[in-house]
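Architecture at a glance
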Amino acid sequence: MNDPDVHQLRRAGAERGHLRPRGPELPYVTDLTGPRGLRLRHYRPAEERRPLVVYLHGGAWVFCDLDTHDRFCRLLADGCGVEVMAVEYRLAPEHPYPGAVEDAVEVLRWARPVAVAGDSAGGYLATMACLALRDEGGPLPAVQILVCPNTDLTLSQPSVREKGTGHALDEDFLAWAVRQWAPDPARRADPRLSPMLVPDLRGLPATLIVTAEHDALRDEGETYARRLAEAGVPVTRRREPGLAHGFQQNTDPVSQAAVDRLLTDARHLLEATSS
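Notes on the structure in this doc start here.

Calculation rules
Per chain, residues are indexed from 1 in the order of the written sequence. Only residues with pLDDT of at least 70 get local features here, since the model is predicted, and only at 80 or more are side-chain atom pairs given and counted; chain-wide, interface and lining totals rely on the full set of residues. With hydrogens and water set aside, each side-chain value is computed from the structure's full complement of heavy atoms. A helix here means a DSSP run of H or I that spans at least four residues, while a strand means a run of E at least two residues long, and both kinds are numbered starting from the N terminus. Categorising residues by exposure relies on relative accessible area from a 1.4 Å probe, with only protein chains included: less than 20% of the type maximum marks a residue as buried, more than 50% marks it as exposed, and the intermediate range marks it as partly exposed. Contacts were defined at the residue level, with two residues in contact if any of their heavy atoms lie within 4.5 Å. In this description, accessible areas are obtained by the Shrake-Rupley approach with a 1.4 Å probe, and a residue is regarded as covered only by the protein chains that are shown. Residues counted as positive are Lys and Arg, residues counted as negative are Asp and Glu, and His and the chain ends are not counted. For this purpose, a charge sits on NZ of Lys, CZ of Arg, CG of Asp or CD of Glu. Classification of ring pairs uses Phe, Tyr and Trp, with its six-membered ring standing for Trp, and accepts pairs whose centres are within 6.5 Å; under 30 degrees between planes counts as stacked, over 60 as edge-to-face, and the remaining range as tilted. To obtain an axis, a line is fitted to C-alpha atoms, over the contacting stretch when the element is a helix, and the angle between two such axes runs from 0 to 180 degrees between their N-to-C directions. Any angle that falls under 35 degrees is termed roughly parallel, while one over 145 is termed roughly antiparallel, one within 65 to 115 roughly perpendicular, and all others oblique. A crossing counts as left-handed when the near helix is turned anticlockwise from the far one by less than a right angle, and as right-handed when that turn is clockwise. The nonpolar class holds Ala, Val, Leu, Ile, Met, Phe, Trp, Tyr, Cys and Pro. Asp, Glu, Lys and Arg form the charged class, and all remaining residues, Gly among them, are polar. Take the buried residues of types Ala, Val, Leu, Ile, Met, Phe, Trp, Tyr and Cys, join any two whose side-chain atoms come within 4.5 Å, and each joined set is a nonpolar core. Salt bridges, as used here, are contacts in which a Lys or Arg side-chain nitrogen is within 4 Å of a carboxyl oxygen on Asp or Glu. Here, strands pair whenever DSSP counts at least two bridges between them.

**Description of the overall build of the protein**
Counting its secondary structure elements, the protein contains eight helices and eight strands. Overall, the C-alpha framework of the protein stretches about 50 × 40 × 40 Å when taken along its three principal axes. Taking all 275 residues of the protein together, the buried fraction comes to 56%. Taking contacts inside the protein between residues at least 6 apart in sequence as the whole, the part at least 24 apart equals 77%. Roughly 11,200 Å² of accessible area belongs to the protein as shown, and the carbon and sulfur atoms make up 50% of that amount. Placing the 32 positive and 39 negative side-chain charges of the protein at their respective mean positions leaves the two points 2 Å apart.

This is how it looks when you write it as structure tokens:
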């Protein structure tokens with residue numbers, strides 16, 4: 001595989017985002033500037049204030065932004081009855097590790113949400129930020145919601161090879177993306193970069209992890225869920241049969257049914273945590 005052109009990748013991602021249906025109309029959708037000058041987008045589904053979820057978009061650490069994930073953030077706000085704060089964090093390769101993790105941590109410190117959520121690389125950033133906050137003794141979100149997350153930068157899980165060709169996320173592209181985020185191969189097995197390799201996962205938020213059958217990242221998401229449960233973290237997990245990486249962005253009936261299940265699980269977990 002020839003290495004992707006980063007600028008073309010970002011343009012193509014933006015074009016796909018503009019082609020997606022808008023998603024539910026909400027009473028309040030506001031762009032604002034957060035800590036570190038980061039662009040944020042705040043979604044409110046009702047007049048009265050609701051619990052806040054910080055959302056970190058996917059995109060292989062390299063592309064996507066507030067607009068590419070606008071539809072899903074609207075679905076999350078509407079389906080779970082929560083406010084959502086989407087974050088446009090710094091991207092690699094201009095800002096490799098730890099840039100986006102630092103951005104996520106700063107937003108969580110500033111916003112004090114009840115939950116942090118993310119898909120793919122955004123799921124990685126969500127759990128990396130929770131680990132950082134736990135280790136510094138700061139307040140943590142009560143919930144983390146991870147959709148097809150990266151958790152192992154060594155790419156050593158079987159699904160990377162089994163599902164890394166002919167589905168939505170190819171092994172070659174995934175390896176390239178990891179190089180942009182973590183250029184030094186010697187560091188990818190460092191637990192400070194690969195959350196699945198962290199020896200002690202105790203004290204992390206109650207977690208929802210949803211994986212997809214035909215996703216190259218399936219096994220690392222499921223292994224991370226299992227390790228969290230072994231550490232005593234309450235975990236809800238489900239594998240979506242027949243679907244591939246990024247299904248939450250799709251609008252076909254099968255993908256939308258999976259998104260509905262995801263939102264139902266997220267709503268139940270948020271309600272259980274707040275009760």
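There is more to say, and it comes next.
**Observations concerning the packing of aromatic side chains**
What the rule picks out here adds up to six aromatic pairs. Taking the centre distance of 5.9 Å and the plane angle of 5° together, the rings of W61 and W181 count as stacked. Of this pair, W61 sits in the loop between β3 (52-56) and α2 (70-80) while W181 sits in helix α6 (residues 171-181), placing them 120 residues apart in sequence. In this structure, W61 and W181 share a single accessibility class: buried. Note on F173 and W176: the rings are 5.5 Å apart at their centroids and 35° apart in plane angle, and the pair reads as tilted. On the criterion of helical spacing, the pair formed by F173 and W176 is a turn pair, its members being three residues apart in helix α6.

**Observations regarding the packing of α2 against helix α8 (residues 253-274)**
One can describe the packing of α2 onto α8 by two numbers: an axis separation of 9 Å at closest approach and a directional angle of 50°. One finds that α2 runs oblique with respect to α8. The hand of the α2/α8 crossing is right-handed. Across the interface between the two elements, R71, F72, L75, L76, G79 and C80 of α2 pack against Q256, V259, L262, L263, A266, R267 and L270 of α8. Broken down by class, the residue content of the contact of α2 with α8 amounts to nine nonpolar, two polar and two charged.

**Structural notes on the nonpolar core**
In globular proteins that are soluble, nonpolar side chains generally tend to be buried together. Residues W61, Y124, L125, W181 and Y224 are the most contacted members of the largest nonpolar core, which totals 58 residues. If you list the elements that add at least two residues to this core, you get α1 (6-19), β3, β4 (83-88), α3 (99-111), α4 (121-136), α6 and α7 (218-230). A per-element tally of this core places α4 first, with nine residues. Here L125 is in contact with L56, W61, Y89, A100, V101, A104 and W181, once residues within four sequence places are set aside.

**Notes on the pattern of salt bridges**
One pass over the full model with this rule turns up 26 salt bridges. Linked by salt bridges that have partners in common, D31, R39, R41, D67, D70, R74 and E88 make up one network.

**Details of the sheet that holds strand β8 (residues 235-240)**
Taken together, eight strands build an open sheet; the order of strands is β1-β2-β4-β3-β5-β6-β7-β8 and the sheet is mixed. Taken across any chain shown, the strands that pair with only one partner, and hence form the sheet edges, are β1 (28-33) and β8. The sheet shows a mean angle of 15° between the axes of neighbouring strands, taken without regard to direction. Bridging between strand β7 (residues 206-212) and β8 involves six bridges; their strand directions are parallel.

**As for the environment of T236**
Within the secondary structure, T236 sits in strand β8. Assessed through its relative accessible area of 32%, T236 is described here as partly exposed. Put simply, T236 and V143 are 93 residues apart on the chain and 11 Å apart in space, counted from C-alpha to C-alpha. Every residue in contact with T236, bar those within four places of it in the chain, is listed here: T207, L208, I209 and D265.

**Regarding unusual backbone geometry**
With an omega of 5°, the peptide bond running from A92 to P93 counts as cis. Note that P93 resides in the loop between β4 and α3. With omega at 10°, the peptide bond leading from Y97 into P98 counts as cis. Tracing the backbone shows P98 in the loop between β4 and α3. In the Ramachandran plot, R36 falls in the positive-phi region, its phi being about 65° despite a non-glycine side chain.

**Description of the pairing of β7**
With respect to burial, β7 is a largely interior element, seven of its seven residues being buried. Residues of β7 alternate between two faces, with A206, L208, V210 and A212 on one and T207, I209 and T211 on the opposite face, all of them buried. With five bridges connecting them, strand β6 (residues 143-147) and β7 associate as parallel partners. Its bridge partner being in β7, Q144 is matched across the sheet by T207.

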